[in-house]
Amino acid sequence: MQIRQAVYLFFYHLRTFFDLTFKPLVGFLTIGLITSALLMLSPPTQVAGTLVLIGCIATLLWITLVRYYYSVILKWTDTRKDESSVIDFPHKPRQK
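Residues numbered from 1 in each chain as written. Predicted model: local features only at pLDDT ≥ 70, side-chain atom pairs only at ≥ 80, totals over all residues. Heavy atoms only, no water.

This part covers the overall build of the protein. Along the protein, the regular secondary structure elements total three helices and zero strands. When the 96 residues of the protein are sorted by exposure, 20% land in the buried category. Of the contacts formed within the protein by residues at least 6 apart in sequence, a portion of 60% connects residues at least 24 apart. Surface accessibility of the protein: about 7,300 Å² in total, with carbon and sulfur atoms responsible for 69%. (Helix = DSSP H or I, 4+ residues; strand = E, 2+ residues; numbered from the N terminus. Buried < 20%, exposed > 50% of the residue type's maximum accessible area, 1.4 Å probe, protein only. Contact = heavy atoms within 4.5 Å. Areas by Shrake-Rupley, 256 points an atom, 1.4 Å probe, with all protein chains shown as cover.)

Now the structure itself:
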């Protein structure tokens, strides 16, 4: 029960972070993917390139899943009994 409360508080306070930094993080991860591809071309740096590639892909998957399943995660981790107290943050795509 305490783990679910900790996850709830973590994700509840993380909303502003994702609203402000999702696109720059995706940009940095894209640069990381390009860098890992360049590192994998050279035999002495193939291991480093593979590690960077795995790290970038894992981080990209994590932030994407959290971004699109944010309200589901909050509802699942909310330990309060009253249904009307559950906070719902629907995903709204931003207009340019």
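We now examine the side chain of Ser36. As for its position among the elements, Ser36 is in helix α1 (residues 2-41). You can call Ser36 buried: its relative accessible area is 1%.

Structurally, Gln5 is set in helix α1. Looking at Gln5, the relative accessible area reads 37%, which means it is partly exposed. Residues Gln5 and Thr79, 74 residues apart in the sequence, show an inter-C-alpha distance of 6.7 Å. Ignoring sequence-local partners within four residues, the contact set of Gln5 consists of Thr77 and Thr79.

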